[in-house]
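Summary of the model geometry
Below, each chain spelled out in residue letters.
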Amino acid sequence: MSIQTFENQTYDQERALYGIKDALVKNCRFDGPADGESALKESRNICVDSCYMNLRYPFWHMDNSKISATSLTENCRAAFWYDTNLQIEDCRLGGIKALRECENITIKNTTVNSTEFAWKCQKLTIENMIIEQSEYPFFEVSDSKISRLQMKGKYSFQYNENLEISNSFLDTKDAFWHTKNVTVRDSIIKGEYLAWYSENLTLINCKIIGTQPFCYCKNLKLVNCSMENCDLAFERSTVQAEIQGSIDSVKNPLGGKILADSIGQLILEEDICDKSKTEIICRN
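Residues numbered from 1 in each chain as written. Predicted model: local features only at pLDDT ≥ 70, side-chain atom pairs only at ≥ 80, totals over all residues. Heavy atoms only, no water.

With respect to the packing of aromatic side chains
Inclusion rule: Ring pairs shown here join Phe, Tyr and Trp side chains whose ring centres sit within 6.5 Å, with only the six-membered ring taken for Trp; geometry is labelled stacked below 30 degrees between planes, edge-to-face above 60, and tilted in between. Segments assigned H or I by DSSP are reported as helices when at least four residues long, segments assigned E as strands when at least two residues long, and all are numbered from the N terminus. Burial here depends on accessible area, computed with a 1.4 Å probe over protein chains only, as a share of the maximum for the residue type. Under 20% is buried, over 50% is exposed, and the range in between is partly exposed.
Evaluation of the coordinates by the stated rule reveals 19 aromatic pairs. Between Phe214 and Phe234, the aromatic rings sit 5.9 Å apart at their centres with planes inclined by 15 degrees, giving stacked as the arrangement. Taken as a pair, Phe214 in the loop between β22 (207-209) and β23 (220-228) and Phe234 in the loop between β23 and β24 (238-243) lie far apart in primary sequence, 20 residues in all. By the burial criterion, Phe214 is buried, and Phe234 matches it. Clustering of aromatic rings is evident, with ring pairs tying together Trp177, Tyr193, Trp196, Tyr197 and Tyr216.

Structure follows, in structure tokens:
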């Protein structure tokens, strides 16, 4: 099989390399006055290496391809849509809506600055990624695994299903709302209003920081976790929680067991919760 090579070129026209197959695109710039869109749309079996992307919608409907050591600027909006079977490595992803409605995507050693990053995607595998800024990242993601993610953003992981996260630092408010079957291990989660309305959320060996976490949850599990500045926790939730250290306050849990060294304030309102349905134990 012969491999086409596109190297050391600049492209700015509409659909510059539309539909190429079995090709290497190396050290190329997609930039210029023609301001063309969709440079590599519908491509198959290609490798994009060490390129500069400054135009819109470059990687739509691609399959079985690899993007490496490539920079996507803030002008390169909506870069990866409707793609399957991609590897993205050692890249910088800028531009709003960088990944959407994609399946079977692996991202490694990559930095992201993209609002609405990774919406409605399936089977993501993410390793060693930095999100510098994003709002609503990972919206409606399913069947995915994430490890060594360092992120700062807002409203992340909403409506996710079947997700695993490990060894990560998540600085993000309103995370994990309406999730189902999510497990987080060995991670720090910092942010307000964590995981409201979640179902079957499990946190193992995690540190949780921020006000009013875990309200309206169903079947919440915290295993060997710690909580910092967490007040009014577990409101109207069913929970099994094993906490190392103290909890600032707990309010109106609906059922389960909460074990901690101490609880600063316990709020149990008879017209809201049945005290007999939640076992609360303080070690000290």
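So, next bit.
Considerations on the nonpolar core
Counted only if it meets this: What we call a nonpolar core is a set of buried Ala, Val, Leu, Ile, Met, Phe, Trp, Tyr and Cys residues that are connected through their side-chain atoms within 4.5 Å. The criterion used for residue contact is that any of the two residues' heavy atoms lie within 4.5 Å.
Among the nonpolar cores identified, the biggest contains 77 residues, and Leu40, Phe80, Phe117, Phe138, Phe176, Phe214 and Phe234 are the most heavily contacted of them. In contact with Phe176, other than residues within four places in its own chain, are Ser156, Phe157, Leu163, Ile165, Leu170, Val182, Val184, Ile189, Leu194, Ala195, Trp196 and Ser198.

Considerations on the sheet that holds strand β7 (residues 59-60)
This is how the line gets drawn: Any two strands with at least two DSSP bridges between them are considered paired.
If you trace the 3 strands from one edge of the open sheet to the other, you get β7-β10-β13, paired in parallel fashion. Both outer strands of the open sheet, β7 and β13 (99-100), are each paired with one neighbouring strand and no more. Direction of pairing for strand β10 (residues 80-81) relative to β13: parallel, over a ladder of 2 bridges. Opposite Trp81, over in β13, you have Arg100 as the bridge partner.

A look at the pattern of salt bridges
Any two side chains of opposite charge can pair if their charged atoms end up close together. The criterion, for reference: We define a salt bridge as a side-chain nitrogen of Lys or Arg found within 4 Å of a carboxyl oxygen belonging to Asp or Glu.
Tallied over the full model, the rule gives 15 salt bridges. Ionic pairing is found between Lys251 and Glu235, a salt bridge with its closest N-O pair at 3.9 Å. Taken together, the positions of Lys251 in strand β25 (residues 246-251) and Glu235 in the loop between β23 and β24 put the pair 16 residues apart, joining distant regions of the chain. Since its relative accessible area comes to 14%, Glu235 is described here as buried. When salt bridges that share partners are traced, they join Asp35, Glu37 and Arg56 into one network.

A closer look at the side chain of Ser114
We count it as follows: Two N or O atoms form a polar contact when they lie within 3.5 Å of each other; inside protein one atom must be a possible hydrogen donor and the other a possible acceptor, and for residues adjacent in sequence the pair counts only when both atoms belong to side chains.
By the element assignment, Ser114 lies in the loop between β14 (103-113) and β15 (122-133). Given a relative accessible area of 1%, Ser114 falls into the buried group. Of the polar contacts made by the side chain of Ser114, one reaches the backbone nitrogen of Lys97; its length is 3.3 Å. Beyond its immediate stretch of four places on either side in the chain, Ser114 contacts Leu93, Gly95, Ile96, Lys97, Ala98, Gln133 and Ser134.

A word on the pairing of strand β8 (residues 63-68)
Of the strand pairs in this sheet, strand β5 (residues 44-49) and β8 are connected by 4 bridges, and their pairing is parallel. Bridging across to β8, Cys47 finds its partner in Lys66. One ladder, built from 5 bridges, connects β8 with strand β11 (residues 84-89); its direction is parallel. Bridge pairing in β11 links Ile67 to Ile88.

So, the side chain of Ser168
Along the chain, Ser168 falls in the loop between β17 (161-166) and β18 (169-173). There is a polar contact of 3.5 Å between the side chain of Ser168 and the backbone nitrogen of Arg148. Polar side-chain contacts of Ser168 include one of 2.9 Å to the backbone oxygen of Ser166. When sequence neighbours within four positions are dropped, the list of residues in contact with Ser168 reads Ile146, Ser147, Arg148, Leu149, Asp186, Ser187 and Ile188.

The values are spatial; any link to function lies outside them.
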